[in-house]
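What follows is the residue order along each chain.
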Amino acid sequence: MPEDPSETTDDRAPSLPHLGLRARLTPAPRFSGTEMLALVLTAGWLGLVGLFFLLIGPGTGGGNGLTLVLTLVGIFLPVAMIWVAAVTSRTAREMRAEALRLQQSIDAMRQAWVTQQSLMNRPSVERKLDEIAAAARQTETALATFASRRDTAATQPSADRKAALAAPRAQPTGEDQPALALGTPAEALHAPVSIGDFIRALNFPDSGEDREGFRALRRALEERDMAKLIRAAQDVLTLLAQDGIFMDDLTPDRARPEIWRRFAQGERGRAIAGLGGVRDRSSLALTAGRMRQDTIFRDAAHHFLRQFDKTLAEFERNASDAEVAEFADTRTARAFMLLGRVTGAFD
C-alpha cells in the first residue's frame, strides 16, 4: 500500500504556514500500486500478443494496409485503456489527498482564529469582573457607614408626611404579665420613615454623588423591618451583578397597582400573573441556572422574597396607587419580579 501523501515530507516542497498540523504539499510517489498493476497488465497483454503471432506463424494473415491497421489497433488499444484507467486513478487519489490537506489547513486556521479571539476577549471579561467586584466592595463599604447618621437635622420628616409602613399593633399584656418599666424603646424615639424616603431607599443611590439617595438609605436602615429588606435586596443585587444582570437593563411590563395590592393581601395564582413582567430571556435563563446550581444564591433569593412579601403587605396599607406604582419601579421591585418569575411565585 502506498503511504498517505498527507504524511510524506519533502524539504524541497513548499510548505504552508505553521498552523499546528502537518500540511506540506508533497509530490505523490513516482510508482504506486495502480501503476505497477498497469505495467503488469501491459506486459501480460503484450506477451499474449507475441505468443499469438508466434503460434499462428509468419504466413498467416493478409498483407494489405487495412489488415495492418486493425492488427495494431487490436494490439495497442487495450494497452491505452489500461493506462487511461491508471492515470485516472492516480489523479483521483491526488485530488483526495489535496482535499484532505485543505480541510486540515481550514480546521487549523479556524482553531487558531478561535484561540486568538479568546485571548483578545479574556482581558475585557476579566476587567468587567474586576469592575463588578470593585463596585460590590464599594457598596458594602458604603453600607457599613450607614450605622451612624451625620445629617439628623436634614432627615426630620414633616408632620404631614405619611409613614411608609403601618405601625405594628401593640401586644396586649395580661394581668399575669405586667409591663416592665424599662423605658421607651429606641425605635419609638425616631420619627417614622416617609413613603418617599422608603421608595428612594429601595431604589438605592444612582451614583456616589446621589446625596439624597444615601440620606434616604441611611434613614431606612435605622428601621429594623426596612433594614432587613434592604440588606436582603443588596445581597441579591450583588449576586445578580456577578452574572452581568443589572436591574437598570430590565424593562418589565408594568402591573396595575391593584394587582400589587391583591398580591400583598395574599392572593395568588393567575390573577396576579401580571407581576411577572420581566421578559428578558437571557436574564431569566442565567437566574434560573444560578438558582439550580448555587445554594447560597438560592437561599439569599428565598430570604429576599419572604422579606419583600412581608414588607409589601405593610406598605400597601398606607400607600396610594401612585405610590404603589412608584414603589413597583424601584430596583428592588424589579429584582422581586425577576426572582418571583424564576421561582414560580406568580403561577
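Residues numbered from 1 in each chain as written. Predicted model: local features only at pLDDT ≥ 70, side-chain atom pairs only at ≥ 80, totals over all residues. Heavy atoms only, no water.

In this section: the nonpolar core. Counting 52 residues, the largest nonpolar core has Trp-260, Phe-304, Phe-308 and Phe-315 as the members making the most contacts within it. Sorting the residues of this core by element identifies α3 (195–203), α4 (211–221), α5 (224–242), α6 (257–264), α7 (281–293), α8 (295–318), α9 (321–328) and α10 (331–343) as the ones contributing at least two each. When sequence neighbours within four positions are dropped, the list of residues in contact with Trp-260 reads Ala-255, Leu-275, Phe-308, Leu-312, Val-324, Ala-328, Phe-336 and Met-337. (Core = buried A, V, L, I, M, F, W, Y, C linked by side-chain atoms within 4.5 Å. Buried < 20%, exposed > 50% of the residue type's maximum accessible area, 1.4 Å probe, protein only. Helix = DSSP H or I, 4+ residues; strand = E, 2+ residues; numbered from the N terminus. Contact = heavy atoms within 4.5 Å.)

Moving on, we come to the pattern of salt bridges. If you walk through the whole model with that rule in mind, you get 22 salt bridges. Where Glu-258 meets Arg-256, a salt bridge forms, and the shortest distance between an N and an O atom there is 2.6 Å. The closest approach of N and O atoms between Glu-316 and Arg-261, which form a salt bridge, is 3.0 Å. You can see Glu-316 sitting in helix α8 and its partner Arg-261 sitting in helix α6, a full 55 residues away along the chain. Each member of the pair, Glu-316 as well as Arg-261, carries the same accessibility label: buried. Through salt bridges with shared partners, a single network forms among Asp-197, Arg-200, Glu-212 and Arg-215. (Salt bridge = Lys/Arg side-chain N within 4 Å of Asp/Glu carboxyl O.)

Moving on: a nonpolar patch on the surface. Nonpolar side chains collect at one region of the surface, where Leu-46, Leu-68, Leu-72 and Phe-76 lie side by side and expose about 380 Å² of accessible area between them. Broken down by element, the nonpolar patch gets its largest block of residues, three residues, from helix α2 (residues 65–144). The topology assignment puts Leu-72 in helix α2. Residue Leu-72 is classed as partly exposed on the basis of its relative accessible area, which comes to 40%. (Patch = residues over 30% accessible without salt bridge, like charges linked within 9 Å, V, L, I, M, F, W, Y side chains within 5 Å. Areas by Shrake-Rupley, 256 points an atom, 1.4 Å probe, with all protein chains shown as cover.)

Mapped onto the fold, Thr-330 is located in the loop between α9 and α10. The class for Thr-330 is buried, based on a relative accessible area of 2%. In this structure the C-alpha to C-alpha distance between Thr-330 and Ala-201, which are 129 residues apart in sequence, comes to 9.0 Å. When residues no more than four places from it in sequence are discounted, the contact partners of Thr-330 are Ile-199, Leu-202 and Asn-203. Here Ala-333 takes part through its backbone nitrogen, which lies 3.2 Å from a polar atom of the side chain of Thr-330. (Polar contact = N/O pair within 3.5 Å; in protein donor to acceptor, adjacent residues only side chain to side chain.)

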